[in-house]
Amino acid sequence: MSGAAVIVQSEDFDPGREAEALVAGRRDVGAIATFVGLVRDANEGSGVAAMTLEHYPGMTEAALEEIVADAHKRWPLQGVRVIHRFGRLEAGARIVFVAVASAHRGAAFAACEFIMDFLKTRAPFWKKEETGEGSRWVDAREADDEAAARWHPS
Amino acid sequence: MSGAAVIVQSEDFDPGREAEALVAGRRDVGAIATFVGLVRDANEGSGVAAMTLEHYPGMTEAALEEIVADAHKRWPLQGVRVIHRFGRLEAGARIVFVAVASAHRGAAFAACEFIMDFLKTRAPFWKKEETGEGSRWVDAREADDEAAARWHPS
Amino acid sequence: MQVKILYFASLREALGCAGETVELPPGVGDVGGLRKFLQARGEAWQAPLGRGNLRFAVNQRMAGLEAPIGAGDEVAFFPPVTGG
Amino acid sequence: MQVKILYFASLREALGCAGETVELPPGVGDVGGLRKFLQARGEAWQAPLGRGNLRFAVNQRMAGLEAPIGAGDEVAFFPPVTGG
């Protein structure tokens with residue numbers, strides 16, 4: 001694993017190896033919570049063959065790093081890894097990976113979900129889906145704003 | 001992956017491969033939340049070189065399967081995998097694995113944490129730690145009971 | 001009637017016994033009654049089985065002291081679980 | 001003063017433009033003022049930049065309409081994000 005907590009890339013990644021790297025050579029970690037987001041073959045009633053993820057290079061990395069820093073302020077974490085892909089991804093492909101290591105499971109779960117909730121509302125990515133009826137930009141979901149709003153300011 | 005959602009074994013497991021198997025050949029999964037619990041090299045102020053996990057064969061599997069069935073009743077899940085080891089495990093070793101696949105991340109995160117919370121309070125495992133001062137049985141933590149109590153009856 | 005009894009973890013060690021099959025006297029019909037009967041067998045059983053935080057299972061399901069037991073049942077006594 | 005402007009996703013497509021460098025007239029000192037200035041350039045800019053749910057970033061940080069902008073800043077306009 002490179003030392004960076006955050007990576008934005010077009011290539012796929014290996015979730016098992018990434019989680020492993022987070023605790024390599026350590027024996028003080030008690031819990032690893034991970035999340036993988038995938039391209040679903042259907043969304044809002046249409047079949048989805050693939051999607052293209054556009055992003056804002058530079059701001060993307062900064063936004064993700066700020067979210068990770070916020071998580072470190074809220075919970076005692078031993079390691080965090082965030083990988084987000086961009087470009088064209090087919091149904092079934094991995095989009096995003098978040099892994100959090102901590103001494104205890106409560107912190108690991110909470111921080112992992114916190115990072116995903118803010119990534120969904122703060123990181124500058126936009127999805128365009130390829131459906132049977134053509135291409136369409138995915139609308140932001142109110143549920144994602146609500147999920148992020150659950151986390152009161154620390 | 002074998003078809004069983006629950007496995008109790010002394011051998012180690014491969015978290016990445018297990019999560020992968022959960023979604024093999026599928027394109028309708030949008031989210032995989034996983035948890036790995038590890039043997040920490042310190043607990044309550046003492047160094048821990050290793051621990052031995054005793055369990056209640058038969059009841060262990062039944063208890064875990066019931067927890068998984070409860071999770072399926074609460075959330076729309078597309079797949080669940082629980083692996084728990086027993087026997088002697090050294091510091092840094094994996095103890096437990098939970099993976100949950102769902103169309104949406106909220107259900108995957110919630111079900112994964114729910115399964116861990118009830119596994120901690122309902123599955124018949126007992127840990128005995130090897131410390132510098134000899135062996136000792138790990139006491140149940142009140143925090144674990146509180147974590148399980150958060151999940152109101154569905 | 002006969003029941004199979006199992007002891008786990010620190011309780012198993014305190015009793016020096018992982019399990020046994022016992023013949024219950026008439027009148028012992030639930031987990032609480034079984035515990036009292038086992039404790040009454042002597043000093044070595046009295047204190048370990050009297051612990052306040054013991055947990056119980058009947059036929060491999062968690063159960064309370066009031067859970068009924070019958071011939072052929074498997075009853076387990078153990079401390080609070082600490083897996084995961 | 002000059003600022004660099006970026007447009008993303010559906011907004012980029014609606015404008016047919018990924019970015020530009022513009023010379024701001026005196027009096028345009030915040031994101032809201034910049035938006036009005038850009039919209040006033042014609043029909044093609046009026047509606048897309050007038051969308052109610054647009055988001056803004058100044059120098060790669062999320063910002064509101066009241067955020068000040070100065071020479072050399074990078075200002076981005078985009079729809080609500082949908083990654084993850």
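See above for the structure.
Residues numbered from 1 in each chain as written. Chains lettered and ligands numbered in written order. Predicted model: local features only at pLDDT ≥ 70, side-chain atom pairs only at ≥ 80, totals over all residues. Heavy atoms only, no water.

A. Layout of the side chain of A:Glu129. All names here are of chain A. Tracing the backbone through its elements, the reader meets Glu129 in strand β8 (residues 125-131). By relative accessible area, which is 3% here, Glu129 ends up buried. A distance of 2.7 Å separates a polar atom in the side chain of Glu129 from a polar atom in the side chain of Asn43. Setting aside anything within four residues of it in sequence, one finds Glu129 in contact with Asn43, Val48, Ala50, Met51, Gly134, Ser135, Arg136 and Val138. (Helix = DSSP H or I, 4+ residues; strand = E, 2+ residues; numbered from the N terminus. Buried < 20%, exposed > 50% of the residue type's maximum accessible area, 1.4 Å probe, protein only. Polar contact = N/O pair within 3.5 Å; in protein donor to acceptor, adjacent residues only side chain to side chain. Contact = heavy atoms within 4.5 Å.)

B. Focus on unusual backbone geometry. Phi at C:Asn59 is positive, roughly 50°, even though this residue is not glycine. Along the chain, C:Asn59 turns up in the loop between β3 (55-58) and β4 (61-63). By relative accessible area, which is 40% here, C:Asn59 ends up partly exposed. Of note, the phi angle at D:Ala9 is positive, near 55°, even though the residue is not glycine.

C. Up close: the interface of chain B and chain A. Each partner contributes residues to the interface: chain B has 34 residues there, and chain A has 34 residues. Taken over both partners, the interface formed by chain B and chain A buries close to 2,800 Å², and the fraction arising from carbon and sulfur atoms is 51%. When the area that chain B buries against chain A is broken down by residue, the three leading residues are B:Arg27, B:Arg105 and B:Phe109, summing to 27%. For the pair chain B and chain A, the interface holds six salt bridges. At the junction of chain B with chain A, the criterion picks out 15 residue pairs in polar contact (both at pLDDT 80 or more). Sorting the residues of the side of chain B that touches chain A by element identifies α1 (15-23), β2 (31-38), α3 (105-122) and α4 (142-149) of chain B as the ones contributing at least two each. When residues of the side of chain B that touches chain A are assigned to their parent elements, the largest contribution, eight residues, is made by β2(B). By residue class, the composition of the side of chain B that touches chain A is 15 nonpolar, six polar and 13 charged. The pairing of strand β2 (residues 31-38) of chain A with β2(B) spans seven bridges and is antiparallel. Within the sheet, the bridge partner assigned to A:Gly37 lies in β2(B) and is B:Ala31. (Buried area = accessible area lost by both parts, 1.4 Å probe. Salt bridge = Lys/Arg side-chain N within 4 Å of Asp/Glu carboxyl O. Nonpolar A, V, L, I, M, F, W, Y, C, P; charged D, E, K, R; others polar. Pairing = 2+ DSSP bridges.)

D. Geometry of the pattern of salt bridges. Considering all chains together, one arrives at 38 salt bridges over all chains under this definition. Between A:Glu18 and A:Arg81 there is a salt bridge, with its nearest N and O atoms 2.7 Å apart. One end of the pair, A:Glu18, is in helix α1 (residues 15-22); the other, A:Arg81, is in strand β5 (residues 77-85), with 63 residues separating them in the sequence. Judged by its relative accessible area of 12%, A:Glu18 falls in the buried class. One salt bridge connects B:Glu113 with B:Arg150, and the closest N-O pair in it is separated by 3.5 Å. Residue B:Glu113 is located in helix α3, and its partner B:Arg150 is located in the segment after α4; the two are separated by 37 residues in the primary sequence. One salt-bridge network, in which partners are shared between bridges, spans A:Arg105, B:Glu113, B:Asp117, B:Arg141, B:Asp144 and B:Arg150.

E. How the structure looks around helix α3 (residues 43-50) of chain C. All names here are of chain C. Listed in full, the buried residues belonging to α3 are Trp45, Pro48 and Leu49. Each buried residue of α3 sits inside an arc of 90° when the element is viewed along its axis, so together they form one side. Summarising the geometry of α3, the exposed residues directed more than 90 degrees from the buried face are Glu43 and Ala47. Buried residues along α3 sit in contact with β1 (2-7), α1 (9-15), β2 (19-23), α2 (31-39) and β5 (74-78). (Arc of directions from axis to C-beta.)

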